[in-house]
Amino acid sequence: MNFEYSDKVKELIAQVRDFIDNEVVPAEPTYEEQLAKNPWETPPVLDQLKEKAKAKGLWNLFLPREHGDFTAGLTNLEYAPLAELMGRHHIASEAFNCAAPDTGNMEVLAKYGNAQQQEQWLKPLLEGKIRSAFAMTEPEVASSDATNIETSITRDGDDYVINGRKFYISGAMRKSCEIMIVMGKTDPDNPNRHQQQSQILVPTKTPGVTVKRAMQVLGSVDAPEGHAEVIFENVRVPKENIILGEGRGFEIAQGRLGPGRIHHCMRLIGASQRALELMCKRANERVVFGQPMIKHGSVREDIAKSACEIEQARLLTLKAADAMDRYGNKEAKELIAMIKIIAPNMALRVIDRAMQIHGAVGLSQDTPLAGFFAYARTLRLADGPDQVHMMQLGRNLAKQLG
Ligand SMILES: Cc1cc2nc3c(=O)[nH]c(=O)nc-3n(C[C@H](O)[C@H](O)[C@H](O)COP(=O)(O)OP(=O)(O)OC[C@H]3O[C@@H](n4cnc5c(N)ncnc54)[C@H](O)[C@@H]3O)c2cc1C
């Protein structure tokens, strides 16, 4: 395995780094000021960043080469170092139109959407004009097992009628969230539990859709995207809004989650790397008990352990990305599961050490560490809790190796 980057990727790394340093970082204070005034609106400064990134061709870098017309033409392996750079700064992914959940939704529409769905929803998403959400999780059932989902999608003439309650729907609080991909059941009595579900496009402004409240993540509403509770009451959409066909929802969910999961891992490695750099800076500068912190053995150990763990996760992520490119997402599923288990836990350990070395300010709004921590903690649950990945990975490995 050769992880040496091509000249094209080296050039992109330099361009993305330069854009982050010279455009994104200086815009961060303005972003925070604008956000405080209008929490559920995209701060105008972010729209300006998006226009600049688009003009430079640093746009939609996440979409793998196989999607032809729509893509920046990168493989997963080529995208990995770019996503890592984006993960270092909260708003960077969105500046390049590479932010979840839009990335996963665009991938679904590119892969499974028909021409009309692509024209109506994929195009404005790729242009960065609207935002989207993916609505699967429900408060009433254990949603880590998608076969439990209870929202009903019932055919009525030329329409489907949707009823159900979802929560933690990322992005749905934002005013520019115009479209949701909703997972529900069209055939709850199908003996095949994996053919009961469908995914359907629901414009957020459809009558009967109520975005009820912002769920918190460790005490923050995580504006401007937010993680909404959404109620669907007799929501009527045309039958053409179904994606791929009735009963294909589970299959689409599986297809969506592979790339989405590894993208999160790439960003987490970036966040962890930045936490390590902040840890080193603080350890060099801060004097405790008569000497710089870096002179204390335990601080050196924290730094060394963090560097080792980040590099392990980085290499495994690259290996998984390479396997996805060469053998397909399905064949790479075990490596994807491994990295989805490893990366958030690694990030939590590294960020926690960085917080400790910073003292109180490590938990404050004056460093990015608290935001990174909440993101990493979320990813021990979102896109499948650790235990679900371990259950499936353990089962598959026992079959192969036992
Ligand atoms: C910030 C945030 C953003 C999110 N964004 C979205 C979104 O945009 N769209 C969306 O649909 N959902 C989203 N989610 C929801 C997330 O995907 C779910 O929380 C997750 O799938 C788990 O479902 P659940 O909460 O119902 O937990 P449950 O299914 O009730 O599981 C609870 C716990 O049970 C344990 N468990 C489960 N299976 C096993 C097992 N086999 N063995 C042992 N223990 C097990 C695990 O510890 C698990 O955490 C988000 C969540 C958060 C926190």
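Residues numbered from 1 in each chain as written. Predicted model: local features only at pLDDT ≥ 70, side-chain atom pairs only at ≥ 80, totals over all residues. Heavy atoms only, no water.

Caption draft 1: Spatial organisation of the site of the ligand. In the vicinity of the ligand, 21 residues are found, and the nearest of them are Phe-134, Thr-137, Ser-144, Tyr-168 and Ser-170. Within the side chain of Ser-144, an N or O atom sits 2.5 Å from an oxygen atom of the ligand. Interatomic distance of 3.1 Å between a side-chain N/O atom of Gln-387 and an oxygen atom of the ligand. Taken by itself the ligand offers 980 Å² of open surface, and the protein chains cover 69% of this. Residue assignment for the shell around the ligand shows that the elements contributing at least two residues are β1 (131-135), β3 (159-170) and α11 (386-401). (Near = heavy atom within 4 Å. Polar contact = N/O pair within 3.5 Å; in protein donor to acceptor, adjacent residues only side chain to side chain. Areas by Shrake-Rupley, 256 points an atom, 1.4 Å probe, with all protein chains shown as cover. Helix = DSSP H or I, 4+ residues; strand = E, 2+ residues; numbered from the N terminus.)

Caption draft 2: Quick look at the packing of helix α5 (residues 102-112) against helix α6 (residues 115-126). Packing of α5 against α6 brings their axes to within 10 Å, and their N-to-C directions diverge by 145°. Pair α5 / α6 crosses with left-handed handedness. On α6, the residues that touch Asp-102, Met-106, Leu-109 and Ala-110 of α5 are Gln-117, Gln-118, Trp-121, Leu-122, Leu-125 and Leu-126. A class-by-class count of the residues in the contact of α5 with α6 yields 7 nonpolar, 2 polar and 1 charged. (Axes fitted to C-alpha atoms, helices over the stretch in contact; angles between N-to-C directions. Left-handed = near helix turned anticlockwise from the far one by under 90°. Contact = heavy atoms within 4.5 Å. Nonpolar A, V, L, I, M, F, W, Y, C, P; charged D, E, K, R; others polar.)

Caption draft 3: The arrangement of helix α10 (residues 369-378) in detail. Listing the buried residues of α10 in full gives Leu-369, Phe-372, Ala-374 and Ala-376. In this fold, the buried residues of α10 make contact with α3 (76-87), α7 (249-285) and α9 (333-358). (Buried < 20%, exposed > 50% of the residue type's maximum accessible area, 1.4 Å probe, protein only.)

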